Amino acid sequence: NEIKLFCPATIANLSCGFDVLGLCLETIGDEMIIRKSSEKGIRITKIIGADLPMETEKNVAGVAALAFYQEASSREAFDYGFEIEIYKNIKTGSGIGSSSASAAGAVFGINELLGCPFTRKELVTFAMKGEVVASGSEHADNVAPCLLGGVTLVRGYNPLDVIRIDSPNELFAVVLHPHIEVKTADARAVLNPMIPLKNAITQWGNVGGLIAGLYTQDYELIGRSLEDVIVEPLRKKLIPGFDETKFDAMQNGALGAGISGAGPSIFALCKGHKTAEKVAFAMSESYQIIGIPFDMHLSKI
Ligand code: HSE
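These numbers come from a predicted model, not from an experiment.

### Focus: the site of the ligand
Alright, step 1. Close contacts around the ligand come from 13 residues, with A12, D19, T184, G261 and A262 the closest.
Alright, step 2. Among the elements that take part in the shell around the ligand, helix α5 (residues 184-189) stands out by supplying three residues, more than any other.

### A few points about the nonpolar core
Alright, step 1. Formed by 86 residues in total, the largest nonpolar core has its most connected members in A64, A65, V107 and A127.
Alright, step 2. Sort the elements by how many residues they give to this core and helix α1 (residues 60-75) lands first, with nine residues.
Alright, step 3. In this structure A65 touches I42, F82, I84, A106, V107 and I110, once residues within four positions along its chain are discounted.

### A short note on the UniProt feature "domain: GHMP kinase N-terminal" (unreviewed entry) in the protein
Alright, step 1. Residues annotated in UniProt with the feature "domain: GHMP kinase N-terminal" (unreviewed entry) correspond here to residues 66-150.
Alright, step 2. For residues 66-150, the end-to-end C-alpha separation is 27 Å, with 56% helix and 8% strand making up the annotated structure.

### Details of the UniProt feature "domain: GHMP kinase C-terminal" (unreviewed entry) in the protein
Alright, step 1. Following the UniProt record, the feature "domain: GHMP kinase C-terminal" (unreviewed entry) maps to residues 211-287 here.
Alright, step 2. For residues 211-287, the helix share is 55%, the strand share is 13%, and the end-to-end C-alpha distance is 30 Å.

### Quick look at the packing of helix α2 (residues 98-113) against helix α3 (residues 120-135)
Alright, step 1. Two numbers describe how α2 lies on α3: the axes approach to 8 Å, and their chain directions differ by 145°. Crossing angle aside, the handedness with which α2 passes α3 is right-handed. The segment α2 lies against α3, with S99, S100, S102, A103, A104, V107, F108 and N111 engaging L123, F126, A127, G130, E131 and A134.
Alright, step 2. Its residues placed into classes, the contact of α2 with α3 shows eight nonpolar, five polar and one charged.

### Considering the packing of α1 against α2
Alright, step 1. Closest axis-to-axis distance for the α1/α2 pair is 8 Å, and the angle between their directions is 35°. For the pair α1 and α2, the crossing hand works out as right-handed. Where α1 abuts α2, its residues V60, A61, A64, A65, F68 and Y69 lie against S99, S102, A103, G105, A106, V107 and I110.
Alright, step 2. Residue classes in the contact of α1 with α2 are distributed as 10 nonpolar, three polar and no charged.

### As for the sheet that holds strand β9 (residues 266-271)
Alright, step 1. Pairing in this open sheet of four strands is antiparallel, and the strands run β8-β9-β7-β10 from one edge to the other. With one partner strand each, in any of the chains shown, β8 (256-259) and β10 (294-300) form the two edges of the open sheet. Strand-to-strand twist of the sheet, defined as the mean angle between neighbouring strand axes without regard to direction, takes the value 20°.
Alright, step 2. Taken together, the four bridges between β8 and β9 define a ladder with antiparallel strand orientation. Along β9, the bridge assignment pairs I259 with I266.

Cut-offs and rules
Residues numbered from 1 in each chain as written. Predicted model: local features only at pLDDT ≥ 70, side-chain atom pairs only at ≥ 80, totals over all residues. Near = placed C-beta within 6 Å. Helix = DSSP H or I, 4+ residues; strand = E, 2+ residues; numbered from the N terminus. Core = buried A, V, L, I, M, F, W, Y, C linked by C-beta atoms within 7 Å. Buried ≥ 20, exposed ≤ 12 C-beta atoms within 10 Å, placed from the backbone. Contact = placed C-beta atoms within 7 Å. UniProt positions renumbered as here; feature names shortened; annotations may be inferred. Axes fitted to C-alpha atoms, helices over the stretch in contact; angles between N-to-C directions. Left-handed = near helix turned anticlockwise from the far one by under 90°. Nonpolar A, V, L, I, M, F, W, Y, C, P; charged D, E, K, R; others polar. Pairing = 2+ DSSP bridges.

And the structure:
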């Protein structure tokens, strides 16, 4: 009647794949405890590690859980509800899927307690409802890798079509999280809805290249494809020290580097743990000069 969950952090976009690509970080994440309660409905009973709303309708986990609960109970009526405890390790507004981890965890946990009436891919749809509360838009590029693991591609949104790709064996991610908050809604507001055709051509070439590189474990191709000519040029202005940190990551052997999700976190992908450690060291050296406190993560993908 109770389940304890690890809810992983994620990197959305992966440079070229705005709103469609994401990957799951194996070693960074929140914890949640979800239990059945005799009272109907969804209640958030505890939040540790972040100052977030306890009201179900204002909390990303609550909204996602409610979307799930309403659909599940319309199929088969039940006379109990669920309580959710959230232990946040992923900082809100950090760009590594803090809200998504909560939304995905809530629907995953309740689904398990109900005997899995929905597939993991179906759960993505409910978790996306929580994302709206955090960012004002329904995107699946964090919740999909959080629920499915590995790398995910949202091939289409209407209807939702998510493809999971196994992570290449030696792929590691380094994440530098500057301690400033960038709200996803603000980072979306700086974007230009009109894209010159030549930029679109570069971008979709890179998305195809990245997918091909992941499937064939071609690290050089993965590196060449980690380029973003549409979103990064506009968003990097919100992140002090972005260019310098990316440059140092690349100089020290990263396959590629960019903005993690909506930022401000900066990520680098690396082949092998040793290179990832070297890149993490170079990025932190580089960021110390900027004078903004930060923390670093290194994770297998
Ligand atoms: N794809 C989203 C964005 C991820 O970049 O705005 C952030 O939640």
